[in-house]
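Reading the structure
Given next are the chains, with one letter for each unit.
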Amino acid sequence: MNMNSQPLQQEELEIMKKDEEIKKKLMKAFQRMLKFYGMEIKKDSNIERTKNYKERYKNLIRNTHNFLRITRILKCLAEFELFEYQYEWLEFLIKEIFETKELRKLENSMKNFFIQTIKDDEKKRYFLKKI
């Protein structure tokens, strides 16, 4: 993180949201980070494990600074109104944390941070009920 950087202003965000090239780059960066975490976007925006997910999950769990990165990515998706991807990723993470327990170390972050990135109160309640 660059401590000298200025916070993104709402006017700047609005300009960026209208720029297709910026949105394309944002999605490419999102896909890159998912792959780094052992996940990938499939058709219909579904997120699934990659073939090497076990190795990537170990890295994710071992390096807890990644939990903060996930929060930032989820918040970014919300700011750019890419809710479909935000919700799909949250659904996938909930499954991996609470059902398969592969990512159970992310449980506190899910409850305290990940779900808090959701702007819509009704959707937030929906996800809170799932956990």
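It should be emphasised that the depicted structure is a prediction, and the values quoted were computed from it without experimental measurement.

Rules used in this analysis
- Residues numbered from 1 in each chain as written.
- Predicted model: local features only at pLDDT ≥ 70, side-chain atom pairs only at ≥ 80, totals over all residues.
- Heavy atoms only, no water.
- Helix = DSSP H or I, 4+ residues; strand = E, 2+ residues; numbered from the N terminus.
- Rg over C-alpha atoms; globule rule 2.2 N^0.38 Å.
- Buried < 20%, exposed > 50% of the residue type's maximum accessible area, 1.4 Å probe, protein only.
- Areas by Shrake-Rupley, 256 points an atom, 1.4 Å probe, with all protein chains shown as cover.
- Lys, Arg positive; Asp, Glu negative; His and termini not counted.
- Charge placed at Lys NZ, Arg CZ, Asp CG, Glu CD.
- Polar contact = N/O pair within 3.5 Å; in protein donor to acceptor, adjacent residues only side chain to side chain.
- Contact = heavy atoms within 4.5 Å.
- Core = buried A, V, L, I, M, F, W, Y, C linked by side-chain atoms within 4.5 Å.
- Salt bridge = Lys/Arg side-chain N within 4 Å of Asp/Glu carboxyl O.

Quick look at the overall build of the chain now. Looking only at helices and strands, one finds 7 helices and 2 strands in the chain. Written out in order from the N terminus, the α and β elements of the chain read α-α-β-β-α-α-α-α-α. Relative to the compact-globule value of 14 Å for 131 residues, the chain shows a C-alpha radius of gyration of 15 Å, a close match. In the chain, which comprises 131 residues, the proportion classed as buried is 36%. Working note: accessible area of the chain is about 8,800 Å², and carbon and sulfur atoms make up 49% of it. Put simply, the chain has 30 plus and 22 minus side-chain charges, and the middle of one group is 7 Å from the middle of the other.

What follows deals with the side chain of Thr-50. Here Thr-50 lies in the loop between β2 (47-49) and α3 (53-62). A distance of 2.7 Å separates polar atoms of two side chains, one belonging to Thr-50 and the other to Asn-52. Not counting residues within four places of it along the chain, the set of residues in contact with Thr-50 comprises Gly-38, Met-39 and Glu-40.

Counting 33 residues, the largest nonpolar core has Phe-30, Met-39, Ile-70, Trp-89 and Leu-93 as its most contacted members. When contributions to this core are tallied by element, the ones reaching two or more residues are α2 (20-36), α3, α4 (65-79), α5 (83-99) and α6 (107-114). Tallying contributions element by element places α5 first for this core, with 8 residues. Apart from residues lying up to four places away in sequence, Leu-93 is in contact with Met-39, Ile-70, Leu-103, Met-110 and Phe-114.

Attention now goes to the pattern of salt bridges. Here the structure, examined in full by the defined rule, presents 10 salt bridges. Between Glu-102 and Lys-54 there is a salt bridge, with the nearest N and O atoms lying 3.5 Å from each other. Taken together, the residues span a long stretch of sequence, with Glu-102 in the loop between α5 and α6 and Lys-54 in helix α3 at a distance of 48 residues. Taking the relative accessible area as the measure of exposure, Glu-102 reaches 26% and is therefore partly exposed. Given the relative accessible area of 48%, Lys-54 is considered partly exposed.

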